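# Structure assessment
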Amino acid sequence: MGTMQLETAPEPKYWHLRTVLSDALDTEFAVGEILPNERDLAARFGVARATLRQALEQLELEGRLQRRRGVGTTVAPPRVGVAVDPTCHTWPGAAGDDWQPVAANRTDTVPVAVARLLESAPDETVHIVRRSRVSAGQPVAAELLYVRAGTVPDHVDEDTADPAVRARAVLRALQALDLDGQDRTVELGSARAEDARQLDRLPGSPVLVVTTRYVSQGRAAAVAVSTYRADTCRLTFGEQPAEPVLAG
């Protein structure tokens, strides 16, 4: 990387530097290679170290770089596609589902946005099934599946105290229903504390949030809020690519 002055750049210095560094990552560095230290990089580009740190932090948020204590800043592997739209419309937990049930519980308190999608009454009981998606032993995504209690038998989760068994029982009951259809939205978000712990990320880290509404007998039966790591995942629809392999 040659020396470059950024005084005349129309955008903020750190953003222009981020673009220059991104191009260099594509042409001059290999995946896993360690970048020069901050002092050397700042000197090459004629910027303050604070500006350099802003650019590096942005590239880390975008998944281009990884910072490892005791190692330094390395070039991250490219994002690998994760299929979120199955080839056929099915309920969560059906054959071929990559999600693993973790726990289930009942509540009459759900987020306002979820209650609106479920078209549920203010005090209506809802099953919440927590699920996880793992690749190569590392977390890829976390999910909260909200199921209207009125759509499954009352006793479905009362036979055992094991949270994972209860989760599977709710999923089995859901699969007994006829699925009319589903709709899905995707947006950028920030990891909540609970999801951050499950995804091995810091709270507030960028995530991709996929919200899916499942319809049965003309009304919403369940809503899934799936939180994917934005630094390693590239969501795909209608495809079945290999799962992402997370480094470090």
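What comes next concerns the included structure.

### Topic: the sheet that holds strand S7 (residues 181–190)
The strand order S4-S5-S6-S9-S8-S7 describes an open sheet built from six strands, whose pairing is antiparallel. Edge positions in the sheet fall to strand S4 (100–107) and S7, since each of these pairs with one other strand and no more. Recorded for the sheet is a direction-independent mean angle of 20° between the axes of neighbouring strands. Relative to strand S9 (residues 219–229), strand S6 (residues 138–148) runs antiparallel, the two sharing seven bridges. Residue pairing for S9: valine 147 is matched across the bridge by alanine 222.

### Examining the environment of arginine 18
On the secondary structure map, arginine 18 appears in helix H1 (residues 13–27). The buried category is assigned to arginine 18, whose relative accessible area is 17%. Setting aside chain neighbours within four positions, we find arginine 18 in contact with Ala55, Gln58, Leu59 and Glu62.

### Some details on unusual backbone geometry
Although it is not a glycine, glutamate 119 adopts a positive phi angle of roughly 55°. In this fold, glutamate 119 is placed in the loop between helix H4 (112–118) and strand S5 (126–135). Residue glutamate 119 is classed as partly exposed on the basis of its relative accessible area, which comes to 46%. The phi angle at glutamine 217 is positive, at roughly 55°, despite the residue not being glycine. Checked against the element boundaries, glutamine 217 lands in the loop between strand S8 (206–216) and S9.

So, how was this worked out
- Residues numbered from 1 in each chain as written.
- Predicted model: local features only at pLDDT ≥ 70, side-chain atom pairs only at ≥ 80, totals over all residues.
- Heavy atoms only, no water.
- Pairing = 2+ DSSP bridges.
- Helix = DSSP H or I, 4+ residues; strand = E, 2+ residues; numbered from the N terminus.
- Axes fitted to C-alpha atoms, helices over the stretch in contact; angles between N-to-C directions.
- Buried < 20%, exposed > 50% of the residue type's maximum accessible area, 1.4 Å probe, protein only.
- Contact = heavy atoms within 4.5 Å.

Keep in mind that these numbers describe shape and distance, not what the molecule does.
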